[in-house]
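# Chains, contacts and geometry: an overview
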Amino acid sequence: ATPTCAFMTMAPNMTAPNSKDPSKSSSKTNCAYHPFNNEVVIGPDINSTRSHMDRKLYRYITLKNGLKCVLISDTVAMRQMKLEGIYDDDSDEESSDDEGKDVDGDESDDEDDEDDGLRKAAAALLVNVGSYHDPPYLQGLSHFLEHMLFLGTEKYPADNEYDAFLSREGGTNNAYTEMEHTLYHFAIPQEGTGEKNIWKALEMFSTFFKCPLLGGEQAHRELNAVESEFEMNKMDDDTRLQQLMCFSCGMDGEAKIMGRNDNSGYGKFGDSMQQSENSFHPFAKFSWGNMQTLKVEPEANGIDVMKELKEYYHAHYFARNMRLVVMAGYELDEIQRRVVECFRDVPADPRIVIDNQSDPTLIPPTHLKPYQLPFHSTSLASIYRILPVRHCHSLTLTWQIPSICQHWRTKPHDFIAHLMGHEASGSILSTLKKRGWAMGCSAGTGEDGLGDASTHALFTFHVSLSMRGVRCWEEVVKVVFCYIGMLRYHFQEGYVDGKGKKTEGLPQWIYDELKSIANVSYRYADEGDVEEIVEEIAENMALWYGLPEERVLDGDELLFDDVVDNETVKDLLFNYLTPQNLRVDLMSSLFGRESNFDEAIKDQRKGNVGEKDEDCEDVDEGVIKPVHDHFEDDSEDEKETAFDTGKAGPPSIEPRFGTHYWKEKISTIIMQQWTDASKAQLPPAGFPLDLPPKNPFVPSQFDLKPLPTDDAAHPLV
């Protein structure tokens, strides 16, 4: 809801915690000289949560229209500008009629000296709406809208006027659409050709969210740009796997997602749509969008795409549903004044009420709460064998788990990922390597909206396999479940806490190590690129992410409690990391590759076993085999376990990216073996699995030791 507290100036004690900072006075607000005291609510002081090396000053504010903002004073850039005599915070600077136009004679010099050592200014604005909110009959609409905002606004209607200004002044800009948010950002030199670049750019940027044109002849060009992005990523194996998981999740939930009330004919791909119900989990959507979903299919169903686009913008692009971060080499008061000037006119509430939004004050109006885990039971306990585009062998084990957003204090999912993904002796990887089955592995939930969302999370264990590992994939998975069983055993055995009491859980030193490493990493973190800084903070402010306002700087990095959330660790280990909740995706060029699959199958049917593709070593009994990797001593028994594409029949095809795959339920015998392996027990003798060894080199004290009062043996020089 709109903030109800009184709008007031910043409290006088809102200063930076580092008293040695030469610019600490800039964190205060002088009531007598500040013209916008009644325009903002000052939020929590987040300066105390800065990293040890961070010299920037921060201020969290909420504008009168509900827009939440983090303002960042880049004190290093500000000090440098003052030394060079180019800093001027006069609020009454003149704005001539030539603003935004080329200045003769300056352009070539600026291009030749692009990096003058002065860090750029930057801004990022996040809107709490993304691909999960696309209507099922217009999948990719959020992505299309992201493109459309760059085509011009009522105040700056010229084609690409914003892009042209940033390019001329040495700036950059971009945007991206995630599952539950869309983020726009830019960076620009602090000073430019006769005007303050950052404020001009910020003012132009703000019109995206007040008065965009959203139409015109350029719309078709941006639709082509969306199609171009789709085509460019069409050959990426990771993207193809993600889309296959979305398409084949098979959710048949009853709750309808946002969109037209009558959507019985939408959201399908003809006869190929493998959903048992018309309504499906937002995870099942095609987030990229392309010409097919944004033009061909909607036009065939009589849908006015541009009308829907404008309604979508008016329903979701409002101030209370946005988060803004601005970083510049100016005092916080000056940044605040400019932000208020530029963004106070963004509408506080939706300009229209969407069809199924019963409560227009709800933020965000997304209706994602009815959805929880995305995979229907029909897609679990199954293996998907997938043809890659490139030569590769990979195994991805995916367990769906509840959303992890509320567990930011101890991050129990990262705790388990650390144990399963470590590479020391006793690890899953070391065991697989000894058998010649794998070269690398990783574990965790991922950072994108597909693996981490307000509705669910996907815990994955990814293995880079050898050819032998592909043929022994069931044994690879068994090793993983043996490790999970070992973790369950140690959890039940418990540990003795600091009070001498036996406590259920994994050894405390593991969490202590992770907490110390996180503290060191954050304390001495290098500052990234300015755009990365504002993007990361804006993402931490996202509604779905669930971080409190006072933790937008460090909530994603640190561990805050003394003990991990053992209840959640137990729930994940015993109730979710199970064979019954597992989806297996096996991608291997042993099955063939997209480029040669159709022709290889034709050759098999014709009996042309003597003809060889450059990427295939042989065609033998329906198994398409690539050139061997560095495990060539495969036994005949192992060869017999390879997947027979000839006997398996024709593959299914994911309709958007055209990925070929075979789906098969995992046999009850294999499922029972995995279930037995995952029981709370120490691993069998053949699997030397163990917890990671203690790391004696993790620091915990960072203060310098005091000099002795009388140290004649070691005089100071």
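Residues numbered from 1 in each chain as written. Predicted model: local features only at pLDDT ≥ 70, side-chain atom pairs only at ≥ 80, totals over all residues. Heavy atoms only, no water.

## Focus on the overall build of the chain
A tally of helices and strands in the chain yields 21 helices and 18 strands. Residues counted as buried form 55% of the 717 residues belonging to the chain. Considering only contacts within the chain whose residues lie at least 6 apart along the sequence, 81% involve residues at least 24 apart. Element-wise, carbon and sulfur atoms account for 48% of the exposed surface of the chain, whose accessible area totals about 31700 Å². (Helix = DSSP H or I, 4+ residues; strand = E, 2+ residues; numbered from the N terminus. Buried < 20%, exposed > 50% of the residue type's maximum accessible area, 1.4 Å probe, protein only. Contact = heavy atoms within 4.5 Å. Areas by Shrake-Rupley, 256 points an atom, 1.4 Å probe, with all protein chains shown as cover.)

## Brief notes about a negative patch on the surface
A cluster of like negative charges, contributed by Asp414, Glu447, Asp529, Glu532, Glu536, Asp556 and Glu557, occupies part of the molecular surface. Residue placement: glutamate 532 occurs in helix H16 (residues 530–540). (Patch = residues over 30% accessible without salt bridge, like charges linked within 9 Å, V, L, I, M, F, W, Y side chains within 5 Å. Salt bridge = Lys/Arg side-chain N within 4 Å of Asp/Glu carboxyl O. Lys, Arg positive; Asp, Glu negative; His and termini not counted. Charge placed at Lys NZ, Arg CZ, Asp CG, Glu CD.)

## Here we look at the pattern of salt bridges
Scanning all chains against the criterion turns up 28 salt bridges. The salt bridge partner of arginine 119 is glutamate 527, with a shortest N-O separation of 2.9 Å. With a gap of 408 residues between them, arginine 119 in the loop between helix H2 (107–112) and strand S4 (121–127) and glutamate 527 in the loop between helix H15 (508–523) and H16 connect regions that are remote in the sequence. Overall, glutamate 527 belongs to the partly exposed group, its relative accessible area being 38%. The salt bridge partner of arginine 221 is aspartate 159, with a shortest N-O separation of 3.0 Å. Of this pair, arginine 221 sits in helix H6 (residues 218–233) while aspartate 159 sits in the loop between helix H3 (141–148) and helix H4 (161–168), placing them 62 residues apart in sequence. Accessibility expressed as a relative area gives 39% for aspartate 159, which makes it partly exposed. Within the structure, one salt-bridge network assembled from shared partners comprises Asp54, Lys56, Asp74, Arg119 and Glu527.

## Some remarks on the layout of surface pockets
Computed from the structure, the largest pocket encloses a volume of approximately 1300 Å³. Lining the largest pocket are 49 residues, with Glu536, Asn540, Leu553, Asp556 and Glu557 positioned closest to its centre. Looking at the lining of the largest pocket, the elements that each hand over two or more residues are helix H11 (412–421), H15 and H16. Of the residues assigned to the lining of the largest pocket, the class counts are 20 nonpolar, 12 polar and 17 charged. (1 Å grid on protein atoms, 1.4 Å probe; cavity = no way out; pocket = protein on both sides within 12 Å on 5 of 7 lines; lining within 4 Å. Points joined across faces, edges and corners; volume = space filled by probe spheres on them. Nonpolar A, V, L, I, M, F, W, Y, C, P; charged D, E, K, R; others polar.)

## Details of the nonpolar core
Ranked by internal contacts, the top residues of the largest apolar core, which has 66 residues, are Phe186, Leu202, Phe209, Tyr317, Val339 and Phe343. In terms of nonpolar packing, the next biggest core, distinct from the first, is built from 65 residues, Ile401, Leu577, Phe591 and Ile670 among them. (Core = buried A, V, L, I, M, F, W, Y, C linked by side-chain atoms within 4.5 Å.)

## Digging into the sheet that holds strand S3 (residues 68–73)
Judged by pairing direction, the sheet is mixed, and its 7 strands sit side by side in the order S1-S2-S3-S7-S4-S6-S5 without closing on themselves. Taken across any chain shown, the strands that pair with only one partner, and hence form the sheet edges, are strand S1 (40–42) and strand S5 (172–177). Strand after strand, the sheet turns through a mean of 20° between neighbouring axes, direction not considered. Where S4 meets strand S7 (residues 322–328), 6 bridges bridge the pair, whose relative direction is antiparallel. Residue pairing in the sheet places alanine 124 in a bridge with valine 325 of S7. Sheet strands touched by helix H5 (residues 197–206): S4, strand S6 (182–188) and S7. Its angle to S6, the strand with the most contacts, is close to 155°. (Pairing = 2+ DSSP bridges. Axes fitted to C-alpha atoms, helices over the stretch in contact; angles between N-to-C directions.)

## Observations concerning the packing of H4 against H5
Where H4 meets H5, the closest approach of the two axes is 10 Å, and the angle between their N-to-C directions is 165°. Between H4 and H5, the angle is such that the two are roughly antiparallel. The way H4 lies across H5 gives a crossing that is left-handed. Taking contact as the criterion, the partners of Glu161, Tyr162, Phe165 and Leu166 in H4 are, on H5, Asn197, Lys200, Ala201, Met204 and Phe205. Grouping the amino acids of the contact of H4 with H5 by side-chain chemistry returns 6 nonpolar, 1 polar and 2 charged. (Parallel < 35°, antiparallel > 145°, perpendicular 65-115°, else oblique. Left-handed = near helix turned anticlockwise from the far one by under 90°.)

## Thoughts on helix H1 (residues 75–83)
For an α-helix the count is 3.6 residues per turn, leaving residues at separations of three or four pointing the same way. For H1, the complete set of buried residues consists of Thr75, Ala77, Met78 and Met81. Projected down its long axis, H1 shows its buried positions confined to an angular sector of 160°, all on one face. (Arc of directions from axis to C-beta.)

## A word on the confidence of the model for the chain
Residues shown with low pLDDT carry predicted positions that ought not to be read at fine detail. For the chain, the average pLDDT comes to 82, and 76% of its residues sit at 70 or higher. Here residues 358–362 is a poorly scored stretch, pLDDT under 50, and it has 5 contacts once near neighbours within four places are set aside; other chains count. (pLDDT = per-residue confidence, 0-100.)

## Quick notes on the sheet that holds strand S8 (residues 382–386)
Consider a sheet: its strands pair through backbone hydrogen bonds, and that pairing is either parallel or antiparallel. As summarised here, the arrangement of the 7 strands in space is S10-S11-S9-S14-S8-S18-S17, forming an open sheet in which the pairing is mixed. Two strands close off the open sheet at either side, each with one partner strand: strand S10 (438–444) and strand S17 (652–653). One ladder, built from 6 bridges, connects S10 with strand S11 (residues 457–465); its direction is antiparallel. For glycine 440, the partnering residue across the bridge sits in S11 and is serine 464.

## Overview of the environment of aspartate 134
If you trace the backbone, aspartate 134 turns up in the loop between S4 and H3. The class of aspartate 134 is buried, set by a relative accessible area of 0%. Along the primary structure aspartate 134 and tyrosine 312 are separated by 178 residues, whereas in three dimensions their C-alpha atoms are 8.8 Å apart.

## A closer look at the pairing of S4
Where burial is concerned, most of S4 is hidden: 7 out of the 7 residues are buried. Neither face of S4 is open: one carries Ala121, Ala123, Leu125 and Val127, the other Ala122, Ala124 and Leu126, and all of them are buried.

## As for unusual backbone geometry
Of note in the backbone geometry, leucine 214 takes a positive phi value of approximately 50° without being a glycine. Within the secondary structure, leucine 214 sits in the loop between H5 and H6. Taking relative accessible area as the criterion, leucine 214 reaches 3% and is therefore assigned buried. Positive phi, normally seen in glycine, also occurs at lysine 411, with a value near 50°. Within the secondary structure, lysine 411 is located in the loop between strand S9 (393–401) and H11.

## What about the packing of aromatic side chains?
What characterises a pair of aromatic rings is the spacing of the ring centres plus the angle enclosed by the ring planes. Scanning all chains against the criterion turns up 30 aromatic pairs. An aromatic cluster is present here, built from Phe150, Tyr162, Tyr184, Phe186, Phe205, Phe208, Phe209, Tyr313 and Tyr317 joined pairwise through their rings. One residue, arginine 435, lies across the ring of tryptophan 437, its end atom 6.0 Å from the ring centre. In this structure, arginine 583 packs its charged tip against the face of tyrosine 384, placed 3.8 Å from the ring centre. (Phe/Tyr/Trp six-rings, centres within 6.5 Å; stacked < 30°, edge-to-face > 60°. Lys NZ or Arg CZ within 6 Å of the ring centre and 35° of its normal.)

## So, the packing of H11 against H15
Where H11 meets H15, the axes come as close as 11 Å, and the angle between the chain directions of the two elements is 105°. In terms of orientation, H11 lies roughly perpendicular with respect to H15. Contacts from Phe415, His418 and Leu419 of H11 reach H15 at Ile510, Tyr511 and Leu514. Of the residues that constitute the contact of H11 with H15, the class distribution is 5 nonpolar, 1 polar and no charged.

## Things to note about H5
For H5, the tally of buried residues reaches 10 of 10 residues, placing the bulk of the element in the interior. When we look at burial in H5, the residues that qualify are Asn197, Ile198, Trp199, Lys200, Ala201, Leu202, Glu203, Met204, Phe205 and Ser206. Of the surrounding elements, those touching the buried residues of H5 are S4, H4, S6, S7 and helix H10 (332–343).

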